[in-house]
Protein chains: 2
Amino acid sequence: MKLYNVAILGATGVVGKQMMECLLEQDFPLGELKLLASARSAGKTVEFNGQTLTIQEATPEALDGVDILLGAAENDIAERFAPVCREKGVVFVDNSSAFRLDPEVPLVVPEINAQDIAWHTGIIANPNCSTIIGLMAVAPLAAIGGLKRMVVSTYQAASGAGIRGLQELEAQMQAMGRGEQLPEPSAFAYQLCSNLIPQIGGFDEEGYTSEEMKLQNEGRKILHMPNLPIGCTCVRVPVMRSHSESITLEFDDEVTVAAARDALAAAPGVKLVDDPANKVYPMPLDSSDQDLVYVGRIRRDISAPEGSYGLALWCCGDQIRKGAASNAVQIAKLVATTYAR
Amino acid sequence: MKLYNVAILGATGVVGKQMMECLLEQDFPLGELKLLASARSAGKTVEFNGQTLTIQEATPEALDGVDILLGAAENDIAERFAPVCREKGVVFVDNSSAFRLDPEVPLVVPEINAQDIAWHTGIIANPNCSTIIGLMAVAPLAAIGGLKRMVVSTYQAASGAGIRGLQELEAQMQAMGRGEQLPEPSAFAYQLCSNLIPQIGGFDEEGYTSEEMKLQNEGRKILHMPNLPIGCTCVRVPVMRSHSESITLEFDDEVTVAAARDALAAAPGVKLVDDPANKVYPMPLDSSDQDLVYVGRIRRDISAPEGSYGLALWCCGDQIRKGAASNAVQIAKLVATTYAR
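Residues numbered from 1 in each chain as written. Chains lettered and ligands numbered in written order. Predicted model: local features only at pLDDT ≥ 70, side-chain atom pairs only at ≥ 80, totals over all residues. Heavy atoms only, no water.

Trainee: How do you make sense of the overall build of chain A when you look at a structure like this?
Mentor: Each helix and strand counted, chain A has nine helices and 14 strands in total. Taken over C-alpha atoms, the radius of gyration comes to 20 Å for chain A, in line with the 20 Å a tight globule of 341 residues would show. The C-alpha extent of chain A, read off along each of the three principal axes, is 60 × 55 × 45 Å. Scored against the burial criterion, the 341 residues of chain A give a buried share of 61%. Sequence separation of 24 or more characterises 68% of the internal contacts of chain A that already satisfy a separation of 6 or more. With the model as given, the accessible surface of chain A reaches about 12500 Å², and the carbon-plus-sulfur share is 48%. The positive charge centre, built from 28 side chains, and the negative charge centre, built from 42, are 2 Å apart in chain A. (Helix = DSSP H or I, 4+ residues; strand = E, 2+ residues; numbered from the N terminus. Rg over C-alpha atoms; globule rule 2.2 N^0.38 Å. Buried < 20%, exposed > 50% of the residue type's maximum accessible area, 1.4 Å probe, protein only. Contact = heavy atoms within 4.5 Å. Areas by Shrake-Rupley, 256 points an atom, 1.4 Å probe, with all protein chains shown as cover. Lys, Arg positive; Asp, Glu negative; His and termini not counted. Charge placed at Lys NZ, Arg CZ, Asp CG, Glu CD.)

Given below as structure tokens:
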């Protein structure tokens, strides 16, 4: 079997570190692994699979000999490295939002649209975390009922703001636990502990945040439904690393609760967690530190308009794993196996 | 001015204590105040407005001489005292859910349907906390646009489970802050700190919780819209005492964002907090410990179906105050003034 040399761009971040674990967990056919980060981190060492790896500064030269670059960096860095990848023939699986809506770039959740990997021209984009987690629950239902509208309210974890977000929430909880003054927020605009912040990203002229528009724009592209109406409200909640979403769906055709449960029970990457009589439903504490998206609270939407059929549901998924690192490594593995050229 | 003798049933609970404060804040024309609770609490003393009041056991005799009973107790206790009130001519303003859907009992949010107090026959029900807070944001809009559907996801504070809920979340945060094992949950079914629990109340056959159905059933009654479709998902979040709600509305007629803002800015009991460019929006930390319901993130619903007009918004309100005690005391004051018989 051919082995692939992989580099991780942004290897010191929460997502970059998780990508290393996922390469092992997913049994990726790995040759050499290069860890790339800013000059500040270069020279630090990291243990990986019994080896000691040294972090290198992310430079164009560092991509020599690399087959696949896993991007876990901000848009500006992704934009800087994309042309280098093309030039050197490196396949760039990028977790930034820089290329997600580029019509030349597939945007992929492997369980939903793996086949889009086939037409990549060097870059494959990994969708936004809340998009992946929500669509994992919705796509198996869209396929059976003629999905015609999605209304989503998110409950997004601190990890979405990276290590600084996690540390800030932790420090606030510690101070609150000790009865001390809470440290000033910096990763978030406001205190997150015992609070909710209804803003993730910047606002557009209509009053939507960039995070809210990602669900619409990326969701349409992944589902191949370019006109699907998707309304979304994104809220940061004081939870560490799993995002949760309350989703209301409208369909052209009737999708019974039983049919929805069957479809979700059979869907790869999804865990049906739906036995309300026994208090069994998805919770972010349970869905953290693993790759499955938990889906439950599936019920008929009692507000669905006449002539429509509606379902309501609730899902939770680990933001760092399926929302970012695991999904990107799944894509990379498909590039190295099923869609190898 | 006539003074009214008031008793509080459940005076040692979070809501009962808040009712005492609200009587003073709202300048209620108060004669004598009796504090009623279980036999266990009888004999304890409480400071109130410079006096020392002794808590009495809640017995039928304790209602002698009382004009208005403020109920802050569970359904079974409310059901036990309702006939006693009728017999003794005491007006019962009850915060339990026992009588809310009784067609003989007005269910009142004073800013919305104060006039329903006029037809009471001895009992007036105080709506559920999440119903009051959501409707404070929705009613001013329903009036102008021909409201035809509500889809709501709630983010409900620990205080909804009373003092035990508040203490449990606090103890969990303290343990987490100290790096200790978290105490076992008892007020909630699961750990709430750094978690979300998508169940408030018990489940019906359709998979809805009692809390979710309250928003539909109580909302329809308060708005005088007996067929309004209302779909709701209720979620407990690790926040102390303000509930928040993400609300999507559909109207027959166009309601512009500007018109919605004007209506909400003019609505009594509402504070318009809606300047996203300056990161100004409702947050539960800000809306706590005061009576106004904060409304913001008002925007066109970009998923509204053709032929409909939609708005999305976000609101927060103190669950103990406007969600319970303040609203009940407002009703009592109207009983003692505008609707005095």
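Trainee: I would appreciate a short explanation of the confidence of the model for chain A in the present structure.
Mentor: Detailed reading of the predicted model is not advised wherever pLDDT is low. Summing up the model confidence of chain A, the mean pLDDT is 97 and the portion of residues at 70 or higher is 100%. Scoring the predicted complex yields pTM 0.97 and, for the interface, ipTM 0.97. (pLDDT = per-residue confidence, 0-100.)

Trainee: Would you explain the sheet that holds strand 8 (residues 123–125) of chain B in this entry?
Mentor: Think of a sheet as strands paired side by side through backbone hydrogen bonds, with each pair either parallel or antiparallel. Residues and elements named next belong to chain B. Taking strand neighbours across the sheet as the criterion, the six strands line up as 5-2-1-6-7-8 in an open arrangement whose pairing is parallel. Of all the strands in the sheet, the pair left with one neighbour each is strand 5 (56–57) and strand 8. One ladder, built from five bridges, connects strand 1 (residues 4–9) with strand 2 (residues 30–37); its direction is parallel. Among the inter-strand pairings, valine 6 is bridged to a residue of strand 2, identified as leucine 33. The strands that helix 2 (residues 75–88) touches are strand 1, strand 6 (68–71), strand 7 (91–94) and strand 8; relative to strand 7, the one it contacts most, it runs at about 160 degrees. Its contacts with the sheet put helix 9 (residues 321–336) on strand 1, strand 6, strand 7 and strand 8, and the angle it makes with strand 6 is roughly 165 degrees. (Pairing = 2+ DSSP bridges. Axes fitted to C-alpha atoms, helices over the stretch in contact; angles between N-to-C directions.)

Trainee: Help me out: how do you make sense of the packing of aromatic side chains in this one?
Mentor: Two descriptors summarise a pair of aromatic rings, namely the distance from one centre to the other and the angle between the planes of the rings. Tallied over the full model, the rule gives seven aromatic pairs over all chains. Pairing tyrosine 190 of chain A with tyrosine 281 of chain B gives two aromatic rings, centres 6.0 Å apart and planes at 80 degrees, and the pair type is edge-to-face. Remark: tyrosine 281 of chain B occurs in the loop between strand 12 (270–272) and helix 8 (284–287) and tyrosine 190 of chain A occurs in the loop between helix 5 (162–177) and helix 6 (210–223); the pair is interchain, linking two chains. Aromatic side chains tyrosine 281 of chain A and phenylalanine 203 of chain B sit 6.3 Å apart centroid to centroid with 45 degrees between the ring planes, which places their arrangement in the tilted category. One end of the pair, tyrosine 281 of chain A, is in the loop between strand 12 (270–272) and helix 8 (284–287); the other, phenylalanine 203 of chain B, is in the loop between helix 5 (162–178) and helix 6 (210–223), on a second chain. (Phe/Tyr/Trp six-rings, centres within 6.5 Å; stacked < 30°, edge-to-face > 60°.)

Trainee: Sorry if this is basic, but what is going on with the sheet that holds strand 12 of chain A here?
Mentor: Residues and elements named next belong to chain A. If you trace the six strands from one edge of the open sheet to the other, you get 10-9-11-14-13-12, paired in mixed fashion. Lying at the two open borders of the sheet, with one neighbouring strand each, are strand 10 (230–233) and strand 12. Between one strand axis and the next, the sheet turns by 25 degrees as a mean value, whatever way the strands run. Looking at chain direction, strand 9 (residues 147–155) and strand 11 (residues 242–251) are connected through eight bridges and run antiparallel. By the bridge assignment, methionine 150 is partnered in strand 11 with leucine 249. Relative to strand 13 (residues 293–300), helix 7 (residues 257–266) is tilted by about 170 degrees, and along the sheet it contacts strand 12, strand 13 and strand 14 (309–318).

Trainee: Explanation requested: unusual backbone geometry in the structure shown.
Mentor: Excluding glycine, most residues fall at negative phi; most peptide bonds, likewise, are trans. Residues and elements named next belong to chain B. In the Ramachandran plot, aspartate 27 falls in the positive-phi region, its phi being about 55 degrees despite a non-glycine side chain. Relative to the helices and strands, aspartate 27 resides in the loop between helix 1 (14–25) and strand 2. Of note, serine 194 is a non-glycine position whose phi angle comes to about 55 degrees, a positive value. Mapped onto the elements, serine 194 comes out in the loop between helix 5 and helix 6. Judged by its relative accessible area of 5%, serine 194 falls in the buried class.

Trainee: How should the relation of the copies chain B and chain A be read in this particular structure?
Mentor: Both copies of the chain are tied together by a single rotation about an axis and a shift running along it. By a simple turn and slide, chain B fits onto chain A: the slide is 0.0 Å along the axis, the RMSD is 0.0 Å, and the turn is 180 degrees. Such a combination of rotation and displacement between the chain copies is what one expects of a two-fold axis. If distances are taken from each C-alpha of chain B to the rotation axis, the shortest is found for glycine 177 of chain B, at 2.4 Å. Comparing interface residues between copies, 100% of those in chain B also sit at the interface in chain A, which points to an isologous, same-surface contact. (Least-squares fit on C-alpha atoms with pLDDT ≥ 70 in both.)

Trainee: Can you help me understand the interface of chain B and chain A in this one?
Mentor: One frequently used descriptor of interface size is the decrease in accessible area upon assembly of the parts. Tallying the contact residues gives 62 residues for chain B and 62 residues for chain A. Across the chain B to chain A interface the summed buried area is about 5200 Å²; carbon plus sulfur atoms make up 57%. Across the chain B-chain A interface, the total number found is ten salt bridges. Residues arginine 299 of chain B and glutamate 212 of chain A are paired through a salt bridge, measuring 3.8 Å at the closest nitrogen-oxygen approach. Summed over the shared surface of chain B and chain A, the result is 36 residue pairs in polar contact (both at pLDDT 80 or more). Contributions of two or more residues to the side of chain B that touches chain A are made by strand 9 (147–155), helix 5, helix 6, strand 10 (230–233), strand 11 (242–251), helix 8, strand 13 (293–300) and strand 14 (309–318) of chain B. Among the elements that line the side of chain B that touches chain A, the one with the most residues is strand 9 of chain B, at six residues. (Buried area = accessible area lost by both parts, 1.4 Å probe. Salt bridge = Lys/Arg side-chain N within 4 Å of Asp/Glu carboxyl O. Polar contact = N/O pair within 3.5 Å; in protein donor to acceptor, adjacent residues only side chain to side chain.)

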